[in-house]
Amino acid sequence: MTMTTAEADKILSANFAPWVLALGLSVEAVDEHRAVLRMPWSEALAREGGALSGQALMAAADTATVIAVSAARGAYGPMTTVQQSTSFQRAVIGSDVLIEAVVTKLGRRMAFADIAMTDESSSEIAARASTVYALLG
Ligand SMILES: CC(C)(COP(=O)(O)OP(=O)(O)OC[C@H]1O[C@@H](n2cnc3c(N)ncnc32)[C@H](O)[C@@H]1OP(=O)(O)O)[C@@H](O)C(=O)NCCC(=O)NCCSC(=O)Cc1ccccc1
């Protein structure tokens, strides 16, 4: 059965470090192989020049993947990030970001995902990432 957004939000609050929770992420949508998270704009996440820091986007991509992989497996289970590659295509200033993580392969021991991060106010892609996870249990 498909995980609900409320169940996915519980995974978010129960399994991440306090500084990751401080990003203010929330789950907008979830299905059998995908999760969409929102990262609200905050001056606290902006760097010199006023644009959203890449570090915040990378943490958001990592977090969205954990939710998407959990949804694909039907529940949260121990997993760990092995690799993330991120390309920053467009600066985000003053806009929420929608982070869509799609699980492209769910194996017995490994999971792979592609992530698109969209500037909500312009609907333009701000960054893309690909991630690889080891499934530990
Ligand atoms: C585990 C693996 C990915 C692969 O290991 P292998 O290639 O198989 O190599 P090896 O066999 O040498 O084992 C090495 C050590 O691993 C241990 N171990 C192995 N298998 C299991 C197992 N099934 N279960 C438990 N432990 C297992 C093993 O005992 C050994 O420990 P030892 O040295 O004897 O004391 C390893 O490269 C690694 O830990 N990388 C760092 C990853 C990392 O820190 N990522 C960033 C944090 S993730 C994040 O932030 C996102 C997130 C947030 C919230 C929620 C969720 C996600």
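These numbers come from a predicted model, not from an experiment. (Residues numbered from 1 in each chain as written. Predicted model: local features only at pLDDT ≥ 70, side-chain atom pairs only at ≥ 80, totals over all residues. Heavy atoms only, no water.)

Visitor: What's the story with the sheet that holds strand S3 (residues 79–88) in this structure? I'm lost.
Guide: The pairing of strands in a sheet happens through backbone hydrogen bonds and is either parallel or antiparallel. Within the open sheet, the six strands sit side by side as S1-S2-S4-S5-S6-S3. Their pairing is antiparallel. The open sheet has two free edges, formed respectively by strand S1 (26–31) and S3, since each of these has just one partner strand. Looking at each pair of strands side by side, their axes are set apart by 20 degrees on average, direction ignored. Where S1 meets strand S2 (residues 34–39), five bridges bridge the pair, whose relative direction is antiparallel. Considered in S2, the bridge of Ala29 is made with Val36. Strands in contact with helix H1 (residues 5–15) are S1 and S2; relative to S1, the strand with the most contacts, it is inclined by about 125 degrees. Against the sheet, helix H3 (residues 54–73) makes contact with S1, S2, S3, strand S4 (97–106), strand S5 (110–119) and strand S6 (124–135), and its axis sits at roughly 45 degrees relative to S4, the strand it touches most. (Pairing = 2+ DSSP bridges. Helix = DSSP H or I, 4+ residues; strand = E, 2+ residues; numbered from the N terminus. Axes fitted to C-alpha atoms, helices over the stretch in contact; angles between N-to-C directions. Contact = heavy atoms within 4.5 Å.)

Visitor: What am I meant to see in the pattern of salt bridges here?
Guide: Summed over all chains, the structure comprises six salt bridges. Across the pair Arg38 and Asp96 runs a salt bridge whose closest N-O atoms are separated by 2.8 Å. Here Arg38 is found in strand S2, whereas its partner Asp96 is found in the loop between S3 and S4, with 58 residues between them in sequence. Owing to a relative accessible area of 18%, Arg38 belongs among the buried residues under this scheme. A salt bridge links Glu120 to Arg38, with the nearest nitrogen and oxygen atoms 2.9 Å apart. With Glu120 in the loop between S5 and S6 and Arg38 in strand S2, the pair connects residues that are 82 residues apart, well separated along the chain. With a relative accessible area of 36%, Glu120 lands in the partly exposed category. Counted as one network, the salt bridges with shared partners bring together Glu28, Arg38, Asp96 and Glu120. (Salt bridge = Lys/Arg side-chain N within 4 Å of Asp/Glu carboxyl O. Buried < 20%, exposed > 50% of the residue type's maximum accessible area, 1.4 Å probe, protein only.)

Visitor: Which parts of the structure should I look at to understand the packing of H1 against H3?
Guide: Packed helix pairs are characterised by how far apart their axes lie and by the angle those axes make with each other. Where H1 contacts H3, the two axes come as close as 10 Å, and the packing angle between them is 130 degrees. In terms of orientation, H1 lies oblique with respect to H3. H3 is crossed by H1, and the crossing has right-handed handedness. Contacts between H1 and H3 involve Ala8, Ile11 and Leu12 from the first element and Thr63, Ile67 and Ser70 from the second. (Parallel < 35°, antiparallel > 145°, perpendicular 65-115°, else oblique. Left-handed = near helix turned anticlockwise from the far one by under 90°.)

Shape is all these values report; function is a separate question.
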